[in-house]
Amino acid sequence: MDVHVRRVVPISYEMVAKAYQKVRKGGKSPGVDGESWAEFESKGVERELYVIWNRMASGSYIPREVRRIEIPKKDGSTRKLGIPTMRDRIAQQVVKDYMEKRIDIKFHENSYGYRPMKSSHDALQQVRRNVLEKDWVVDMDISKFFDEIDHELMLKAVEAMIEEKWIRMYVKRWLEMKVQTETGEIIEHQGKGTPQGGVISPLLANLYLHFSLDQWLEKYYPTVSFVRYADDIVLHCGKEKEAQELLIALKNRLTEVKLRLNEGKTKIVYCKDYRRKGLHDTTQFGFLGFSFQPRQALSQHAAVGYQVFTGEISRENQTKIREEIRECIHWRNTTLAPEMIAQQLNAKLRGWINYFDLFGKRNLRKTMCYVDSRLLKWLKRKHKVGFKAAQSILGKLRERHSRLFYHWERNMTTYKGITRAV
């Protein structure tokens with residue numbers, strides 16, 4: 001391979017190749033050029049990566065427009081996703097990797113989202129510890145965060161954290177990428193926003209909120225515990241008055257950094273449990289798919305209920321899982337074999353259980369019962385039998401193949417507990 005490239009940017013071909021291997025495992029939707037990974041690779045991977053490296057190393061890499069799609073949200077609004085081309089994804093991954101090695105160590109320990117060696121489970125465990133220690137939560141929602149990131153402040157944050165000018169150059173080009181809508185209209189950048197869906201966007205989001213929020217909280221509200229997963233943020237306070245004052249200060253702070261508090265979704269929550277005797281209208285908040293709220297528990301020494309404040313799978317995610325189970329299998333097809341149904345479901349079941357099994361398993365078990373409920377109805381139709389006969393067939397199937405379905409393997413349900421009403 002010809003390596004005689006005039007390099008003004010310290011990017012090697014190996015960095016580009018590693019970036020390709022990472023993004024290749026991700027999203028497959030094409031960008032504005034319509035090029036798929038198969039088409040990219042048909043031209044010769046080495047050759048195409050060399051072209052990307054050549055342009056990046058010489059400082060001449062110019063990104064294409066971002067293809068925008070809009071995803072409906074449950075409140076009736078839409079979430080705007082920006083899909084870069086395959087080549088832009090590789091280029092962004094190169095810069096992301098370079099930046100991350102140098103700046104991640106400087107981020108706040110309570111920032112968990114999209115960071116090496118940190119996970120959503122780490123964030124959830126920290127929230128669980130915090131609600132045991134502090135009575136009040138500010139459940140904070142930033143309005144259209146990725147759409148509102150101010151470019152000037154973003155570039156100042158980049159300069160403050162990393163000194164290489166070429167990093168700022170490429171970040172600026174990605175921030176200023178034009179957008180192609182679903183109708184084909186080209187929209188110029190408005191001095192704000194970074195595409196939600198871009199490879200480098202999560203890192204830029206963390207960088208923006210590191211200066212805008214994390215350091216500000218550490219300086220002015222050192223007694224407040226907080227957990228941030230990208231722009232999903234909960235703040236823990238000892239007293240209601242502290243939470244009220246913090247909420248006012250947060251609104252003002254966001255205004256200073258060109259962001260807005262979503263006042264309709266932001267709320268103060270009382271972490272009501274058996275130790276806390278106060279009253280408050282709001283005693284529930286959601287975080288990363290879990291609902292934290294008062295729940296009944298049993299004493300270890302007696303069958304006496306008492307109230308604890310903890311997390312379980314949210315009602316919204318229970319509904320989503322049931323919908324997915326209902327829609328991903330053609331349940332009216334009685335020619336299917338149980339093994340075929342299991343093959344289609346198990347990857348999903350494994351993902352749901354491994355994520356939501358973190359703590360509070362009661363509602364997750366109820367949700368997994370829905371699989372067996374659908375199996376019972378399918379067996380009734382397949383064998384033209386009644387409920388009890390279908391339940392017997394299901395019981396024998398489970399006895400013979402106890403690991404056929406992932407939730408059986410994990411003992412998330414018992415067939416005797418399945419009823420017609422599930």
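Check the entry above for the structure.
Since the structure is predicted, the reported quantities are computational estimates derived from the model, not experimental observations.

Chemist: It is not clear to me how helix H3 (residues 45–57) should be interpreted in this structure. Could you clarify?
Modeler: An α-helical turn contains 3.6 residues, so any two residues separated by three or four positions project in the same direction. Given a rise of 1.5 Å per residue, 13 residues ought to cover 18 Å, and the 18 Å separating the end C-alpha atoms of H3 matches this to within 8%. Along H3, the residues that are buried comprise Glu48, Leu49, Tyr50, Ile52, Trp53, Met56 and Ala57. Residues of H3 that are buried in the fold lie against helix H1 (13–23), helix H2 (37–42), helix H4 (86–103) and helix H8 (165–175). Just past H3, the residue glycine 59 takes up positive phi, approximately 80 degrees.

Chemist: Is there a simple way to think about unusual backbone geometry in this case?
Modeler: Backbone geometry follows two general trends: most residues other than glycine have a negative phi, and most peptide bonds adopt the trans configuration. Of note, alanine 230 is a non-glycine position whose phi angle comes to about 55 degrees, a positive value. Note on placement: alanine 230 falls in the loop between strand S6 (225–229) and strand S7 (232–237). Of the residues examined, alanine 230 reaches a relative accessible area of 5% and is grouped as buried. Positive phi, normally seen in glycine, also occurs at asparagine 411, with a value near 55 degrees. Secondary-structure assignment places asparagine 411 in the segment after helix H15 (406–409).

Chemist: I'm lost on the environment of leucine 81 in this one. Help?
Modeler: Its location among the elements puts leucine 81 in strand S2 (residues 78–83). Separated by 315 residues in sequence, leucine 81 and lysine 396 place their C-alpha atoms 47 Å apart. Look past the residues within four positions of leucine 81 in its chain and what remains in contact with it is Arg67, Arg68, Ile69, Ile71 and Gln196.

Chemist: I would appreciate a short explanation of the nonpolar core in the present structure.
Modeler: With 72 residues, the main nonpolar core has Ile90, Met99 and Leu235 as its most contacted residues. With nine residues, the single largest contributor to this core is helix H9 (residues 201–220). Among residues more than four places away in sequence, those in contact with leucine 235 are Trp136, Val137, Val138, Met140, Leu217, Val224, Ser225, Phe226, Leu246 and Leu250. If you look at the next biggest cluster of nonpolar residues, it comprises 49 residues, including Trp331, Ile341, Phe356 and Trp378.

Chemist: Help me understand the packing of helix H12 (residues 338–356) against helix H13 (residues 362–383) in this model?
Modeler: For any two helices packed against each other, one specifies the crossing angle of their axes together with the interaxial distance. Remark: H12 packs on H13, axes separated minimally by 11 Å, with the N-to-C direction vectors making an angle of 170 degrees. When the axis of H12 is compared with that of H13, the two are roughly antiparallel. Packed against H12, whose contacting residues are Pro338, Ile341, Leu345, Leu349, Trp352, Ile353 and Phe356, the element H13 presents Leu364, Met368, Val371, Leu375 and Trp378 at the interface.

Chemist: Teacher, can you tell me more about the packing of aromatic side chains here?
Modeler: Each aromatic ring pair is specified by the distance between its two centres and by the angle formed by the two planes. For the coordinates displayed, the defined rule picks out 22 aromatic pairs. Ring centres of tyrosine 50 and tryptophan 53 lie 5.5 Å apart, and the angle between their planes is 65 degrees; on these two criteria the pair is classed as edge-to-face. Placement of both tyrosine 50 and tryptophan 53 in helix H3 is noted, with a separation of three residues, approximately one turn of the helix. For the pair tyrosine 50 and tryptophan 53, one class covers both residues: buried. Ring centres 5.4 Å apart and planes at 50 degrees place the aromatic pair tryptophan 216 and tyrosine 221 in the tilted group. Residue tryptophan 216 is classed as buried on the basis of its relative accessible area, which comes to 11%. Residue class for tyrosine 221 comes out partly exposed when judged on its relative accessible area of 22%. Each residue in the set Phe285, Phe290, Phe292, Phe309, Tyr355, Phe356 and Phe359 is aromatic and connected to the rest through ring pairs, giving one cluster.

Chemist: I keep staring at the sheet that holds S2 and nothing clicks. Help me out?
Modeler: Two modes of strand pairing occur in sheets, parallel and antiparallel, and in both the strands are linked by backbone hydrogen bonds. The four strands lie next to each other as S2-S1-S4-S5, forming an open sheet whose pairing is mixed. For this open sheet the edge positions go to S2 and strand S5 (186–187), each flanked by a neighbour on one side alone. Looking at chain direction, strand S4 (residues 179–180) and S5 are connected through two bridges and run antiparallel. Bridging from a neighbouring strand, glutamine 180 pairs with isoleucine 186 of S5.

Chemist: Sorry if this is basic, but what is going on with the pattern of salt bridges here?
Modeler: Where charged atoms from two side chains of opposite charge approach closely, those side chains can pair. Throughout the structure, instances matching the rule amount to 25 salt bridges. Ionic pairing is found between glutamate 65 and arginine 64, a salt bridge with its closest N-O pair at 3.2 Å. Between lysine 258 and aspartate 150 there is a salt bridge, with its nearest N and O atoms 3.8 Å apart. One end of the pair, lysine 258, is in the loop between helix H10 (240–256) and strand S8 (267–270); the other, aspartate 150, is in the loop between helix H6 (145–148) and helix H7 (151–161), and 108 residues separate them in sequence.

Chemist: What's the story with the sheet that holds S6 in this structure? I'm lost.
Modeler: Pairing is antiparallel in the open sheet, where four strands are placed in the order S6-S7-S3-S8. One side of each edge strand has no neighbouring strand; the edge strands of this open sheet are S6 and S8. Adjacent strand axes in the sheet meet at a mean angle of 20 degrees, parallel and antiparallel pairs treated alike. As paired strands, S6 and S7 are joined by five bridges and run antiparallel to one another. Looking across to S7, one finds that arginine 228 is bridged to isoleucine 233.

Chemist: Mind showing me how you'd approach the pairing of S6 here?
Modeler: Each regular strand displays side chains that alternate between the two surfaces of the sheet. Most of S6 sits out of view: four of its five residues are buried. If you look at the hairpin formed by S6 and S7, you'll find two residues sitting between the two strands, and alanine 230 has a positive phi there, around 55 degrees.

Chemist: What is the right way to look at the packing of H3 against H4 in this model?
Modeler: Two elements in contact, H3 and H4, have axes separated by 11 Å at closest approach and are oriented at 55 degrees. Judged by the angle between their axes, H3 and H4 are oblique. When the axes of H3 and H4 are compared, the crossing they make is right-handed. Between H3 and H4, the residues in contact are Glu48, Leu49, Ile52 and Met56 and Arg87, Ile90, Ala91, Val94 and Val95, respectively.

What counts, and at which threshold
- Residues numbered from 1 in each chain as written.
- Predicted model: local features only at pLDDT ≥ 70, side-chain atom pairs only at ≥ 80, totals over all residues.
- Heavy atoms only, no water.
- Helix = DSSP H or I, 4+ residues; strand = E, 2+ residues; numbered from the N terminus.
- Expected span 1.5 Å × (residues − 1).
- Buried < 20%, exposed > 50% of the residue type's maximum accessible area, 1.4 Å probe, protein only.
- Contact = heavy atoms within 4.5 Å.
- Core = buried A, V, L, I, M, F, W, Y, C linked by side-chain atoms within 4.5 Å.
- Axes fitted to C-alpha atoms, helices over the stretch in contact; angles between N-to-C directions.
- Parallel < 35°, antiparallel > 145°, perpendicular 65-115°, else oblique.
- Phe/Tyr/Trp six-rings, centres within 6.5 Å; stacked < 30°, edge-to-face > 60°.
- Pairing = 2+ DSSP bridges.
- Salt bridge = Lys/Arg side-chain N within 4 Å of Asp/Glu carboxyl O.
- Left-handed = near helix turned anticlockwise from the far one by under 90°.

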